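If you want the building blocks of each chain, they are given just below.
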Amino acid sequence: MPVLVLTVAVIQRSIVVEYLEHLRATEHIAVAYTYCVYNQEHQIAANFLASLLAQVSRQSAGVHTELRECWKIYHSGPTKPSSTEYVRLLKAMRGHFLKSFILVDALDEFPETQRQSLLRELKTLVPEYRILITSRNIPSINNHFEDAACMQIRARDEDVRTALAARIGDEEFMSCAV
């Protein structure tokens, strides 16, 4: 399956990112990832896809014709490319890599008003991209990927304590308060 949806309470996404970044150093693959943050007004499907495109394009050698043409059309105009245009460009960029991966962490934090649109666009990137999504168990997300592999991961109390202790130790202002 090219899409894997992880339903999680707490997950170490960084393990997957680190593994793919290591792979990217030795193989010609594209890795784009993003973390959705609750209640951020700038989080709309087009901006999200633009971020993925920017990451993929930075990993490619040179500026490609598709991107150059898009820039000519939109750089001085009042409008930006649509989500569909970003998807088209992501698909065009895919041909420059052996494999391509997109990781979306905390999709459930993406604004509900934009989430369904984003999910439709992400689904169109399959099979060109392999997509990993982490989210809480939300039917409106799960329904978009009924045929995808799904894995539920739950943090143990011990895992949460360890993560909190590490975070408190990393933050000077937090360690003083505890």
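What counts as what
- Residues numbered from 1 in each chain as written.
- Predicted model: local features only at pLDDT ≥ 70, side-chain atom pairs only at ≥ 80, totals over all residues.
- Heavy atoms only, no water.
- Helix = DSSP H or I, 4+ residues; strand = E, 2+ residues; numbered from the N terminus.
- Buried < 20%, exposed > 50% of the residue type's maximum accessible area, 1.4 Å probe, protein only.
- Areas by Shrake-Rupley, 256 points an atom, 1.4 Å probe, with all protein chains shown as cover.
- Axes fitted to C-alpha atoms, helices over the stretch in contact; angles between N-to-C directions.
- Parallel < 35°, antiparallel > 145°, perpendicular 65-115°, else oblique.
- Contact = heavy atoms within 4.5 Å.
- Nonpolar A, V, L, I, M, F, W, Y, C, P; charged D, E, K, R; others polar.
- Core = buried A, V, L, I, M, F, W, Y, C linked by side-chain atoms within 4.5 Å.

A.B. asks: What's the story with the overall build of the chain in this structure? I'm lost.
C.D. replies: Looking only at helices and strands, the chain features 8 helices and 5 strands. Taken from the N to the C terminus, the helices and strands of the chain come in the order β-α-β-α-α-α-β-α-β-α-β-α-α. Taken across its 178 residues, the chain has 37% of its residues classed as buried. Carbon together with sulfur atoms contributes 54% to the accessible area of the chain, which is approximately 10600 Å² in total.

A.B. asks: Would you mind going over unusual backbone geometry with me for this structure?
C.D. replies: Keep in mind that most residues, glycine aside, have a negative phi and that most peptide bonds are trans. A cis amide bond links Val126 to the next residue, Pro127, at an omega of 10 degrees. Its location among the elements puts Pro127 in the loop between α5 (112-124) and β4 (130-135). Look at Ala106: it is not a glycine, yet its phi comes out positive at around 65 degrees. If you trace the backbone, Ala106 turns up in the loop between β3 (99-105) and α5. Residue Ala106 is classed as buried on the basis of its relative accessible area of 10%.

A.B. asks: I would appreciate a short explanation of the packing of helix α3 (residues 65-74) against helix α4 (residues 83-94) in the present structure.
C.D. replies: For any two helices packed against each other, one specifies the crossing angle of their axes together with the interaxial distance. Where α3 contacts α4, the axes come no closer than 10 Å and their chain directions differ by 155 degrees. In terms of orientation, α3 and α4 fall into the roughly antiparallel class. Touching Glu66, Leu67, Cys70 and Tyr74 of α3 are Glu85, Leu89, Ala92 and Met93, all from α4. Among the residues making up the contact of α3 with α4, the classes are represented as 6 nonpolar, no polar and 2 charged.

A.B. asks: Looking at this model, I keep getting lost on the nonpolar core. Mind explaining?
C.D. replies: In this structure, Leu107 and Leu122 are the most contacted members of the largest nonpolar core, which totals 32 residues. In terms of nonpolar packing, the next biggest core, distinct from the first, is built from 8 residues, Val17, Leu20, Val31 and Leu103 among them.

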